Amino acid sequence: MTDRREMSEAEAARLPIDVETITKAVDEALAMSISTSKREDIDARSGQLTGSLNLLRGQCLGEDEDPNVLRILGLVDRHLALTNRPTSRSQAHEAFFFLQDTATFTQALLVAYVKKNEVGTQ
């Protein structure tokens, strides 16, 4: 995986959230198997979900009335720290578990976003 410039919180807060696309990406990532997944697929899916997670993080900032969302945001910040991300030298299983955690965090923030914004999926 390569380190990319993360968007600012203000930029993330202005972007639209495609709930269906993110839900599909999360479901596909969680359905992946460590024994049959290629490293390139793991890295590509991780990049996609990290982008979605950053978008959702930007949308959920300011959720000071919900302690659960605040707790998740703290965990997400630690998870996305560059020192915690796998590199090209990381073992495949480390990259896979990072992907699974990213999918789980993305799913949690997506639920909070849908609840807050009363967004329905089709």
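Residues numbered from 1 in each chain as written. Predicted model: local features only at pLDDT ≥ 70, side-chain atom pairs only at ≥ 80, totals over all residues. Heavy atoms only, no water.

Further remarks concern the confidence of the model for the chain. For the chain, per-residue confidence averages 86 on the pLDDT scale, and residues scoring 70 or more make up 82% of the total. Within the chain, the element-level pLDDT minimum falls on helix α1 (residues 9-14), averaging 57, and the maximum on helix α2 (residues 19-31), averaging 96. (pLDDT = per-residue confidence, 0-100. Helix = DSSP H or I, 4+ residues; strand = E, 2+ residues; numbered from the N terminus.)

Another aspect to go through is the packing of α2 against helix α5 (residues 92-117). Describing two packed helices takes the angle between their axes plus the distance from one axis to the other. Two elements in contact, α2 and α5, have axes separated by 9 Å at closest approach and are oriented at 150°. Taken together, α2 and α5 sit at an angle that is classed as roughly antiparallel. Judged by the twist between their axes, the crossing of α2 over α5 is left-handed. Contacts between α2 and α5 involve V19, I22, T23, V26, D27, A29 and L30 on the former and, on the latter, L99, Q100, A103, T104, T106, Q107, L110, Y113 and V114. Here the residues of the contact of α2 with α5 are counted per class, giving 10 nonpolar, 5 polar and 1 charged. (Axes fitted to C-alpha atoms, helices over the stretch in contact; angles between N-to-C directions. Parallel < 35°, antiparallel > 145°, perpendicular 65-115°, else oblique. Left-handed = near helix turned anticlockwise from the far one by under 90°. Contact = heavy atoms within 4.5 Å. Nonpolar A, V, L, I, M, F, W, Y, C, P; charged D, E, K, R; others polar.)

So, about the side chain of R85. Mapped onto the fold, R85 is located in the loop between α4 (67-80) and α5. Residue classification places R85 among the buried positions, given a relative accessible area of 11%. Among the polar contacts made by the side chain of R85, one reaches the main-chain carbonyl oxygen of L80 at a distance of 2.8 Å. (Buried < 20%, exposed > 50% of the residue type's maximum accessible area, 1.4 Å probe, protein only. Polar contact = N/O pair within 3.5 Å; in protein donor to acceptor, adjacent residues only side chain to side chain.)

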